[in-house]
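# Chains, contacts and geometry: an overview
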Amino acid sequence: MKLDIKAKVDLSHYGELWKDCYLEFKILPYPEVKKILAKKKDNLTDEEGTRILDEGFSQLEELFVDGYVISEGQKVQVKKDDIKDFPLGLLLQCYQKVQGEPDPKLLSGSTPS
């Protein structure tokens, strides 16, 4: 059974223009998190590390639900294709969020996707 639980990454810390901006993702189920953890090891080669990051960021695109960012001074809705162009720090923040605890505000009254 797949649960309709979502995680929201608040982007308001980027400044005043960003106060209503966020990225929302479906949460990874535990079996998927286990697969990710199984790939982690010490002393990865650069190629292995890049491959794992690429897989993770592709997964973010699949899990993406909705979001808004500021681009060229305007608030715009994010599309799945946009995610690959985000800065590495933001991608890592999103990836960590989809593996962890969902936003409690989204647990009540969330609608199936």
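Residues numbered from 1 in each chain as written. Predicted model: local features only at pLDDT ≥ 70, side-chain atom pairs only at ≥ 80, totals over all residues. Heavy atoms only, no water.

## Some points on the layout of surface pockets
The computed volume of the second largest pocket comes to approximately 320 Å³. Forming the walls of the second largest pocket are 14 residues, and the residues nearest its centre are Lys2, Leu3, Lys26, Ile27 and Pro29. When the residues that make up the lining of the second largest pocket are grouped by side-chain class, the tally is eight nonpolar, one polar and five charged. (1 Å grid on protein atoms, 1.4 Å probe; cavity = no way out; pocket = protein on both sides within 12 Å on 5 of 7 lines; lining within 4 Å. Points joined across faces, edges and corners; volume = space filled by probe spheres on them. Nonpolar A, V, L, I, M, F, W, Y, C, P; charged D, E, K, R; others polar.)

## Focus on the packing of helix α2 (residues 46-63) against helix α3 (residues 88-99)
Packing of α2 against α3 brings their axes to within 10 Å, and their N-to-C directions diverge by 70°. As far as their axial angle goes, α3 and α2 are roughly perpendicular. Regarding α2 and α3, the two cross each other, and that crossing is left-handed. Contacts from Leu53, Gly56, Phe57, Gln59, Leu60 and Leu63 of α2 reach α3 at Leu88, Leu91, Leu92, Cys94, Tyr95 and Val98. Looking at the contact of α2 with α3 residue by residue, the class counts come to 10 nonpolar, two polar and no charged. (Axes fitted to C-alpha atoms, helices over the stretch in contact; angles between N-to-C directions. Helix = DSSP H or I, 4+ residues; strand = E, 2+ residues; numbered from the N terminus. Parallel < 35°, antiparallel > 145°, perpendicular 65-115°, else oblique. Left-handed = near helix turned anticlockwise from the far one by under 90°. Contact = heavy atoms within 4.5 Å.)

## Notes on α2
Counted at 1.5 Å a residue, the expected span for α2 with its 18 residues is 26 Å, and the 26 Å between its end C-alpha atoms agrees. Listed in full, the buried residues belonging to α2 are Gly49, Gly56, Phe57, Gln59, Leu60 and Leu63. Angular distribution of buried residues about the axis of α2 spans 150°; they occupy a single face of the element. Across α2 from its buried face, at more than 90 degrees, point the exposed residues Glu47 and Glu62. (Expected span 1.5 Å × (residues − 1). Buried < 20%, exposed > 50% of the residue type's maximum accessible area, 1.4 Å probe, protein only. Arc of directions from axis to C-beta.)

## Brief notes about the environment of Leu28
Within the secondary structure, Leu28 is located in the loop between β2 (22-26) and α1 (30-39). Using a relative accessible area of 6% as the deciding quantity, one classes Leu28 as buried. For the pair Leu28 and Leu3, spaced 25 residues apart in sequence, the C-alpha separation works out to 9.6 Å.

## A word on the sheet that holds strand β4 (residues 74-77)
Ordered by their spatial adjacency, four strands build an open sheet running β1-β2-β3-β4, and the pairing between neighbours is antiparallel. Taken across any chain shown, the strands that pair with only one partner, and hence form the sheet edges, are β1 (6-10) and β4. For this sheet, the mean inter-axis angle between neighbouring strands, taken without regard to orientation, is 20°. Pairing analysis gives five bridges linking β1 to β2, with the strands arranged antiparallel. Pairing of Val9 across the sheet is with Leu23, part of β2. Running over the sheet, α2 touches β2 and β3 (64-71) and is turned about 100° from β3. The strands that α3 touches are β1 and β2; relative to β1, the one it contacts most, it runs at about 150°. (Pairing = 2+ DSSP bridges.)

## Description of a nonpolar patch on the surface
A contiguous nonpolar surface patch, about 250 Å² in accessible area, is contributed by Leu53, Leu88 and Leu92. With respect to the helices and strands, the residue Leu92 is situated in helix α3. (Patch = residues over 30% accessible without salt bridge, like charges linked within 9 Å, V, L, I, M, F, W, Y side chains within 5 Å. Areas by Shrake-Rupley, 256 points an atom, 1.4 Å probe, with all protein chains shown as cover. Salt bridge = Lys/Arg side-chain N within 4 Å of Asp/Glu carboxyl O.)

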